[in-house]
Amino acid sequence: MAAFKEEATEHLLAAAEQENWPSGGVKIEVRDLTKVSEKDVRILNKVNVDIPRGAIVGIIGPSGSGKSTFLRALNRLWEPPYGSVFLDGVDICELDVLSLRRRVGMLFQLPVLFQGSVADNVRYGPQLKGKKLSDDEVSTLLTLADLDSSFFSKSGGELSVGQAQRVALARTLANEPEVLLLDEPTSALDPVSTQNIEDALVRLKKDKGMTTVIVSHSIKQIQRIADVVCLLVNGEIVEILKPDHLSQAKHPMAQTFLNLTS
Ligand SMILES: Nc1ncnc2c1ncn2[C@@H]1O[C@H](COP(=O)(O)OP(=O)(O)OP(=O)(O)O)[C@@H](O)[C@H]1O
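About the cut-offs
What you see as residue numbers is a count from 1 along each chain, following the sequence as written. Where totals are concerned, whole chains, interfaces and linings use all residues; where local detail is concerned, this predicted model gives features only for residues with pLDDT of at least 70, and gives and counts side-chain atom pairs only at 80 or more. Remark: hydrogens and water are excluded; side-chain values derive from all non-hydrogen atoms of the structure. Accessible area is worked out with a 1.4 Å probe on protein chains only. A residue is then buried under 20% of its type maximum, exposed over 50%, and partly exposed in between. In this text, helices come from DSSP runs of H or I with a minimum length of four residues, and strands from runs of E with a minimum of two, each type numbered from the N-terminal end. Here a strand pair is declared whenever DSSP counts at least two bridges between the two strands. We define proximity as follows: a residue is near a molecule or strand when any one of its heavy atoms falls within 4 Å of that partner. Definition of a polar contact: a pair of N or O atoms within 3.5 Å, with one able to donate and the other able to accept a hydrogen when the atoms are protein atoms, and with sequence-neighbouring residues admitted only if both atoms are side-chain atoms. A 1.4 Å probe and the Shrake-Rupley method give the accessible areas. Residues count as covered only by the protein chains that appear here. Each reported salt bridge corresponds to a side-chain nitrogen of Lys or Arg within 4 Å of a carboxyl oxygen of Asp or Glu. To obtain an axis, a line is fitted to C-alpha atoms, over the contacting stretch when the element is a helix, and the angle between two such axes runs from 0 to 180 degrees between their N-to-C directions. Joining through side-chain atoms within 4.5 Å is the link that ties buried Ala, Val, Leu, Ile, Met, Phe, Trp, Tyr and Cys residues into a set, and such a set is a nonpolar core. It only takes one pair of heavy atoms within 4.5 Å for two residues to be counted as in contact.

S.K.: Whenever I open this one, the pairing of strand 6 (residues 104-107) confuses me. Can you help?
M.R.: Consecutive side chains along a regular strand alternate between the two faces of the sheet. By the alternation rule, side chains of strand 6 split into V104 and M106 and G105 and L107, which are all buried. The pairing of strand 6 with strand 7 (residues 179-183) spans 4 bridges and is parallel. Its bridge partner being in strand 7, L107 is matched across the sheet by L182.

Listed below in structure tokens is the structure:
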């Protein structure tokens, strides 16, 4: 098992160099990240991975393999052990948790909008810091999330789930995050809304050098947008591959999973 993991980490870094991602280097380092449940079950078992700056990293794996737990550790929605997650080389446990969550924003499967208009939602984060976004700034954020300005004054109740998810993305982007964590962000959306979100993510990578970690059950989605894919099985990253090399996965559980889901 160790050999798979070492090879996998090398593969990710080699892929990063080949792709010549915007700023290069490692944005998030994860070292021996372990979570044991109260019933002594290993939910994450010594996960080691480097998330390259400016890349879209896909996380796939069977249900219950620890994908959401891994993602939540990266902005302390689950508090990881000290010394296991580093952002730009700094242990995230040493950072103010609210600042961390601005820098490392998260989008969930189902968007929850606050009361008020779309613009109120987008303005929410900066307002907490005493900054009022201008109408132009709100429109720019809506455009980044693939929504036009006609949504500005609408209320949450007037939106489809897909549109609401894009508002949630614009609201997250208003905090000017350096990293986006996405937990199955399109699993409740129709194909067109899914494509809108995927287009927005790819544009954010190209235009802003955004680092993105996305958990998805759709291998096709990961193949469309990710630069590298981590396969998580039983709380361990067993393989890291380029999306078009997924069929070359060597780990037996990874092969079974890929055969069943492709
Ligand atoms: N706080 C907790 N206490 C005990 N068990 C937990 C806790 N959080 C998660 N688990 C268990 O850890 C395992 C991994 O859960 P997690 O949600 O991270 O998996 P996942 O890969 O995201 O699953 P899915 O694809 O179904 O969303 C599951 O068996 C879950 O029941």
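S.K.: Where do I start with the site of the ligand in this structure?
M.R.: Taken together, 13 residues lie around the ligand, and S63, G64, K67, S68 and T69 are the ones closest in. Taking S63, its side chain carries an N or O atom lying 2.5 Å from an oxygen atom of the ligand. Taking S65, its main chain carries an N or O atom lying 3.1 Å from an oxygen atom of the ligand. For the ligand, the protein covers 55% of the area, taking 640 Å² as the surface of the free molecule. Considering each element in turn, the shell around the ligand owes the most residues, 3 residues, to helix 2 (residues 67-73).

S.K.: Even after reading the chapter, I still don't get the sheet that holds strand 2 (residues 42-52), so can you show me in this structure?
M.R.: Strand order in this open sheet of 4 strands is 2-1-4-5, and the pairing throughout is antiparallel. Either end of the sheet is taken by a strand with one partner, and the two such strands are strand 2 and strand 5 (90-91).

S.K.: Sorry if this is basic, but what is going on with the pattern of salt bridges here?
M.R.: Once the charged atoms of two side chains with opposite charge are near each other, the side chains can pair. One pass over the full model with this rule turns up 13 salt bridges. For the salt bridge of R31 with E29, the shortest nitrogen-to-oxygen distance reads 3.7 Å. The exposure class of E29 is partly exposed, given its relative accessible area of 26%. When the shortest N-O distance is used, the salt bridge between R31 and D50 registers 2.7 Å. Here R31 is found in strand 1 (residues 26-36), whereas its partner D50 is found in strand 2, with 19 residues between them in sequence. One network of salt bridges, in which partners are shared, links K27, R53, D88, R103 and E178.

S.K.: Where do I start with the sheet that holds strand 10 (residues 236-241) in this structure?
M.R.: In any sheet, the strands associate via hydrogen bonds between backbone groups, in a parallel or an antiparallel arrangement. Read across the open sheet, the 6 strands follow the order 6-7-8-3-9-10; overall the sheet is mixed. Looking at the sheet topology across the chains shown, the edges are occupied by strand 6 and strand 10. If you compare each strand with its neighbour and ignore which way they point, the axes differ by 20° on average.

S.K.: Can you walk me through the pairing of strand 3 (residues 56-60) in this structure?
M.R.: A large share of strand 3 lies buried, amounting to 5 of its 5 residues. Both faces of strand 3 are covered, namely the face carrying I56, G58 and I60 and the face carrying V57 and I59. As paired strands, strand 3 and strand 8 (residues 211-215) are joined by 4 bridges and run parallel to one another. Within the sheet, the bridge partner assigned to I56 lies in strand 8 and is T212. Across 4 bridges, the pairing between strand 3 and strand 9 (residues 228-233) is parallel. The partner of I59 across the bridge, within strand 9, is C230.

S.K.: Looking at this structure, I do not really get the nonpolar core. What am I missing?
M.R.: As a rule of thumb, nonpolar side chains are buried together in soluble globular proteins. By size, the foremost hydrophobic cluster in this structure holds 46 residues, and its most contacted members are I60, V122, L142, L180, L231, L246 and L258. The element contributing the most residues to this core is helix 6 (residues 161-173), with 6 residues. When sequence neighbours within four positions are dropped, the list of residues in contact with L246 reads I60, I219, Q223, V229, L231, L241 and L258. Among the nonpolar cores identified, the runner-up in size contains 30 residues, and V30, L33, L44 and I51 belong to it.

S.K.: Before we go on, may I ask you to explain the environment of G58 in this structure?
M.R.: Checked against the element boundaries, G58 lands in strand 3. With a relative accessible area of 0%, G58 lands in the buried category. Separated by 159 residues in sequence, G58 and H217 place their C-alpha atoms 9.9 Å apart.

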